[in-house]
Amino acid sequence: MANGGSYKKFLFDILALNMTKKRVAVLGATGSIGKNTLDVIRSGKDTFEPVLFSANSNAALLNAIAAEFPRAKIAFSGPRKTAEAAGFDKRNGVYLGRDGLLAAIADAGADITLNGISGAAGLEPSLAALNSGSALALANKESMVMAGALVLKTAARHSLPVIPVDSEHSAIFNLLRRQGREGLKEALLTASGGPFRTWSKEQLKNATLKDALAHPTWKMGAKITIDSASLANKGLEVIEAARLFDLNADNIKVVIHPQSIVHSMIRMNDGVVYAQLSRPDMRLPIHEALRYPEIAPSLGKEELGFEDLCLSFEKPDLDRFPMLSLAYEALRAGGCYPIAYNAANEYAADAFFNGKIPFTGISDLCARVLSMDWSGEADDLPSILEADRRARAAAAEL
Ligand code: NDP
Ligand code: MG
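Summary of the structure given here. (Residues numbered from 1 in each chain as written. Chains lettered and ligands numbered in written order. Predicted model: local features only at pLDDT ≥ 70, side-chain atom pairs only at ≥ 80, totals over all residues. Heavy atoms only, no water.)

### Observations concerning the sheet that holds strand S5 (residues 112-115)
So, point 1. In space, the seven strands of this open sheet follow the order S4-S3-S2-S1-S5-S6-S7, with parallel pairing throughout. Among the strands making up the open sheet, the edge pair consists of strand S4 (94-96) and strand S7 (162-164). Neighbour-to-neighbour, the strand axes of the sheet open up by a mean angle of 20 degrees, direction not taken into account.
So, point 2. Of the pairings in the sheet, the one linking strand S2 (residues 48-55) to strand S3 (residues 73-76) comprises four bridges and is parallel in character. (Pairing = 2+ DSSP bridges. Helix = DSSP H or I, 4+ residues; strand = E, 2+ residues; numbered from the N terminus. Axes fitted to C-alpha atoms, helices over the stretch in contact; angles between N-to-C directions.)

### Quick word on the packing of aromatic side chains
So, point 1. Within the structure shown, the criterion is met by six aromatic pairs.
So, point 2. On the numbers, 5.4 Å between centres and 45 degrees between planes, the contact of Phe76 with Phe88 is tilted. Separated by 12 residues along the polypeptide, Phe76 in strand S3 and Phe88 in the loop between helix H4 (80-85) and S4 bring together distant segments of the chain. In this structure, Phe76 and Phe88 share a single accessibility class: buried.
So, point 3. Members of the aromatic cluster, joined through ring pairs, are Phe196, Trp199, Phe352 and Phe359. (Phe/Tyr/Trp six-rings, centres within 6.5 Å; stacked < 30°, edge-to-face > 60°. Buried < 20%, exposed > 50% of the residue type's maximum accessible area, 1.4 Å probe, protein only.)

### Structural notes on helix H6 (residues 123-131)
So, point 1. Across the nine residues of H6, seven count as buried, placing the element largely inside the fold.
So, point 2. Of the positions making up H6, those classed as buried are Leu123, Pro125, Ser126, Leu127, Ala128, Ala129 and Leu130.
So, point 3. Gly133, located one to two residues past H6, shows a positive phi value of around 95 degrees.

### Here we look at the nonpolar core
Looking at soluble globular proteins, one finds that nonpolar side chains tend to be buried together.
So, point 1. Counting 123 residues, the largest nonpolar core has Phe53, Val151 and Tyr341 as the members making the most contacts within it.
So, point 2. Counting residues per element, this core draws most heavily on helix H15 (residues 337-353), which supplies nine residues.
So, point 3. Apart from the residues within four sequence positions on either side, Val151 is in contact with Leu123, Leu127, Leu130, Leu136, Ser143, Met144 and Val162. (Core = buried A, V, L, I, M, F, W, Y, C linked by side-chain atoms within 4.5 Å. Contact = heavy atoms within 4.5 Å.)

### Some points on the pattern of salt bridges
So, point 1. The full count for this structure, using the stated rule, is 24 salt bridges.
So, point 2. Between Asp39 and Arg283 there is a salt bridge, and its shortest N-O distance comes to 3.2 Å. Highlighted residues: Asp39 in helix H2 (residues 32-42) and Arg283 in helix H13 (residues 283-291), separated in sequence by 244 residues.
So, point 3. With a relative accessible area of 30%, Asp39 lands in the partly exposed category.
So, point 4. Notably, a salt bridge pairs Glu68 with Arg42, separated by 2.7 Å at the nearest N-O pair. (Salt bridge = Lys/Arg side-chain N within 4 Å of Asp/Glu carboxyl O.)

### A few points about the site of ligand 1
So, point 1. Around ligand 1, a shell composed of 25 residues is seen, among which Thr30, Ser57, Asn58, Glu142 and Gly221 lie nearest.
So, point 2. Between ligand 1 and Thr30 there is a distance of 2.8 Å, counted from an oxygen atom to a side-chain nitrogen or oxygen.
So, point 3. A distance of 2.9 Å is found between an oxygen atom of ligand 1 and a backbone nitrogen or oxygen belonging to Ile33.
So, point 4. For ligand 1, whose unbound accessible area comes to 900 Å², protein coverage reaches 85%.
So, point 5. Its residues assigned to classes, the shell around ligand 1 shows nine nonpolar, 12 polar and four charged. (Near = heavy atom within 4 Å. Polar contact = N/O pair within 3.5 Å; in protein donor to acceptor, adjacent residues only side chain to side chain. Areas by Shrake-Rupley, 256 points an atom, 1.4 Å probe, with all protein chains shown as cover. Nonpolar A, V, L, I, M, F, W, Y, C, P; charged D, E, K, R; others polar.)

### A few points about a nonpolar patch on the surface
So, point 1. A cluster of nonpolar side chains, namely Leu277, Phe306, Leu311 and Phe313, defines an oily patch on the protein surface of about 360 Å² accessible area.
So, point 2. Taking relative accessible area as the criterion, Leu311 reaches 32% and is therefore assigned partly exposed. (Patch = residues over 30% accessible without salt bridge, like charges linked within 9 Å, V, L, I, M, F, W, Y side chains within 5 Å.)

### Some details on the pairing of S3
So, point 1. Handedness of the S2-helix H3 (residues 59-68)-S3 crossover: right-handed.
So, point 2. The pairing of S3 with S4 spans three bridges and is classified as parallel. Residue pairing in the sheet places Phe76 in a bridge with Leu96 of S4.
So, point 3. This β-α-β element, S3 to H4 to S4, shows right-handed connectivity. (Right-handed = clockwise from strand over helix to strand, strands pointing away.)

### What about unusual backbone geometry?
So, point 1. With omega at 10 degrees, the peptide bond leading from Tyr292 into Pro293 counts as cis.
So, point 2. Checked against the element boundaries, Pro293 lands in the loop between H13 and helix H14 (322-333).
So, point 3. Positive phi, normally seen in glycine, also occurs at Leu231, with a value near 70 degrees.
So, point 4. Looking at where Leu231 falls in the secondary structure, it is placed in the loop between helix H11 (222-230) and helix H12 (232-245).
So, point 5. One non-glycine residue with positive phi stands out, namely Asp246, at about 55 degrees.
So, point 6. Tracing the backbone shows Asp246 in the loop between H12 and strand S9 (252-256).
So, point 7. Residue Asp246 is classed as exposed on the basis of its relative accessible area, which comes to 66%.

Written out as structure tokens, the structure is:
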């Protein structure tokens, strides 16, 4: 009888486990990654239970999301006035301000947190998610560039995974899961080349914001789109790959692949190269990350066909796109150079966005910031944030 009872309880537990939805926090819900994540959650209503959504300026969209998912908490980190105008201050379950965002993450009780916040502002939320006991699905590459060791150490302390969402890193992560890390020679990161792939150095001097925002294959937020045009995005991704997969600069190569179908590749010691191919659609890596460690079932999107598929590859031109070589230099130099690279680039991309410097001024400014001494180490959050602040101040002064 006792055995029968415990068997029933065992069956009940298994059933309950299957019925339990994965609790998901979505940071940066109003951005490009956030909207794609919402799509994935909508198509997996039996699988995912959203518990938190955050935004920084788009109160109207956050309100609409809250109306669609009334059980989830919301966090609005933008100005108090905007929050009051949206009526957030009068509602329960709403967290306001930057501290509110971190408190919301701590309280969310998420199984997995998707961090789609843009820029260095995403670092503390990444750490807060891990410290709350949540796995981290990471789109915010800046977290890894600025503080890869700290993020991974925090994850290891809580025995939690960091699952990359950036399409290239998601591809490498998946390939390594299937092929194993043993025998890995190098990672080959693909890059579309952006809108200026075929532009001459002369033409680049006159590139406008509109030109830079016209990405040929991906539809993304403004900052990452400008970074894709300057190849700073690939530079950040080289550093991100080094941190995520414990590789050095010599074992990470960048290959220009204008069609954005091959998301990245790994070359093994026996010479074989494995690649991951799919249509360029961020919902795919987001879905895979949210389902981890399960191998995600198909999202039911149109499958990649081969009838008219033409794939081409070329070498990146470091002379026209110095942001890529600066990233390699920063990675090799170590210390706070990657933090300075990210901070200077964020500052410069913003200055270009606001019409203060020309497109080629982005790499000029970053090169000047990186010519300063960033050799000190920064292992903990305060020193990482301090190095970030110093690099922004240096960029502003220059
Ligand atoms: P967006 O600019 O489209 O969205 C950014 C999101 O972060 C918005 O929800 C925004 O809120 C929020 N946010 C902005 N600043 C802050 C802040 N200071 N504090 C808290 N929240 C903030 O960016 P993307 O979605 O394009 O990119 C997000 C991250 O994902 C970046 O790190 C990017 O590099 C990475 N990534 C993006 C890809 C893409 O396809 N877009 C692909 C691979 C990586 P609000 O809108 O309310 O202002
Ligand atoms: Mg990418």
